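Coordinates in review
Next come the chains, spelled out residue by residue.
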Amino acid sequence: METDEMPVRFDTKIAVLLREDMPAWQRLNVTAFLVSGFGTEAPEVVGEPYQDADGTGYLRMFRQPVMVFEGTKELLTAAHSRALGRGVHLSIFTADLFATGDDRSNRAAVRAVGRDRLDLVGLAVHGPRNAVDKILKGAWKHP
């Protein structure tokens, strides 16, 4: 199907920053967890439900791309500080969460550590494009 419509350029950006030293399965798992809350905190990022030609319905998804980046542990710490200072939607995943098995334990593990001592392995942000770009300064696109 061809269309004459111009590509959409979004005013906001959804981005995930992962620590570079994780195995692939952890990166995928962390990414899924990190973006899972954006639809409830920023419902405007979610599009309409999908439907195939046979009328089968499917869940809504983000209406814009999710960019995935990676960086060092130090870069994650710096990005976390910048994100907190910019007031964007922010989710985090710490190394401690790999040892927990449920949501309650996950929240307790994060609550047990001060903000400046979190062992971050990933974070996700949603906000104005240029703010997100500044938060992720120094990160590189995930291969």
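Everything quoted here is computed from the prediction, not taken from an experiment. (Residues numbered from 1 in each chain as written. Predicted model: local features only at pLDDT ≥ 70, side-chain atom pairs only at ≥ 80, totals over all residues. Heavy atoms only, no water.)

Quick look at the packing of aromatic side chains
Put simply, the rule reads: Aromatic rings from Phe, Tyr and Trp, with only the six-membered ring used for Trp, were paired whenever their centres fell within 6.5 Å, and each pair was classed as stacked if the ring planes differed by under 30 degrees, edge-to-face if by over 60, and tilted otherwise.
Using the criterion set out here, one finds three aromatic pairs in the structure. Clustering of aromatic rings is evident, with ring pairs tying together Trp25, Phe33, Phe93 and Phe98.

Description of the environment of proline 49
Operational definition: Labels follow the DSSP assignment, with helices taken as runs of H or I lasting at least four residues and strands as runs of E lasting at least two, numbered in each case from the N terminus. Relative accessibility decides the category of a residue: with a 1.4 Å probe and only protein chains considered, values under 20% of the type maximum give buried, values over 50% give exposed, and everything between is partly exposed. Residues count as neighbours in contact if any of their non-hydrogen atoms are within 4.5 Å of one another.
Relative to the elements of secondary structure, proline 49 occurs in the loop between α2 (38–41) and β2 (50–51). Overall, the relative accessible area of 46% leaves proline 49 in the partly exposed class. Spatially, the C-alpha atoms of proline 49 and phenylalanine 33 are 21 Å apart, while their sequence positions differ by 16 residues. Once residues within four sequence positions are removed from consideration, proline 49 is found in contact with Tyr58, Leu59 and Arg60.

A short note on the sheet that holds strand β1 (residues 12–19)
Strand pairing in a sheet is mediated by backbone hydrogen bonds. Such pairs are either parallel or antiparallel. Heads up, the rule is: For two strands to count as paired, DSSP must find a minimum of two bridges between them. A fitted line through C-alpha atoms serves as each axis, taken over the contacting stretch for helices, and the angle formed by two N-to-C directions is quoted from 0 to 180°.
Taken in spatial order, the five strands of this open sheet run β5-β6-β1-β4-β7, and their pairing is mixed. Strands with a single pairing partner mark the edges of an open sheet, and in this sheet they are β5 (89–94) and β7 (140–141). As paired strands, β5 and strand β6 (residues 120–128) are joined by six bridges and run antiparallel to one another. For phenylalanine 93, the partnering residue across the bridge sits in β6 and is glycine 122. Strands in contact with helix α1 (residues 24–35) are β1, β4 (66–71), β5 and β6; relative to β1, the strand with the most contacts, it is inclined by about 145°.

Digging into the side chain of serine 91
Defined as follows: Any pair of nitrogen or oxygen atoms within 3.5 Å is treated as a polar contact; in protein, a donor-acceptor pairing is required on top of that, and neighbouring residues in sequence qualify only through side-chain atoms on both sides.
By the element assignment, serine 91 lies in strand β5. At a separation of 2.7 Å, a polar atom in the side chain of serine 91 contacts the main-chain carbonyl oxygen of leucine 34. Leaving out residues up to four positions away in the same chain, serine 91 has contacts with Leu34, Phe38, Gly122, Leu123 and Ala124.

A look at the pattern of salt bridges
Convention followed: Any Lys or Arg side-chain nitrogen found within 4 Å of a carboxyl oxygen on Asp or Glu counts as a salt bridge.
Taken as a whole and judged by the stated rule, the model has seven salt bridges. Linking arginine 60 and glutamate 48 is a salt bridge whose minimum nitrogen-to-oxygen distance equals 3.9 Å. Taken together, the positions of arginine 60 in the loop between β3 (57–58) and β4 and glutamate 48 in the loop between α2 and β2 put the pair 12 residues apart, joining distant regions of the chain. Overall, arginine 60 belongs to the partly exposed group, its relative accessible area being 48%. Look at glutamate 48 and you get exposed, because its relative accessible area is 59%. By sharing partners, the salt bridges in this structure join Arg19, Asp21, Lys73 and Asp119 into a single network.

Here's the deal with the confidence of the model for the protein chain
This is how the line gets drawn: Every residue gets a pLDDT, meaning the predictor's confidence in that residue, from 0 to 100.
The predicted model of the protein chain has a mean per-residue pLDDT of 94, with 97% of residues at 70 or higher. When pLDDT is averaged over each helix and strand of the protein chain, the minimum, 92, is found for α2 and the maximum, 98, for β3.

Some details on the pairing of β4
When β1 meets β4, the two strands line up parallel, connected through six bridges. In the sheet register, alanine 15 faces β4, and the bridge partner there is methionine 67. The sheet contact formed by β4 and β7 spans two bridges and is antiparallel. The residue bridging glutamate 70 from the neighbouring strand is tryptophan 140, located in β7.

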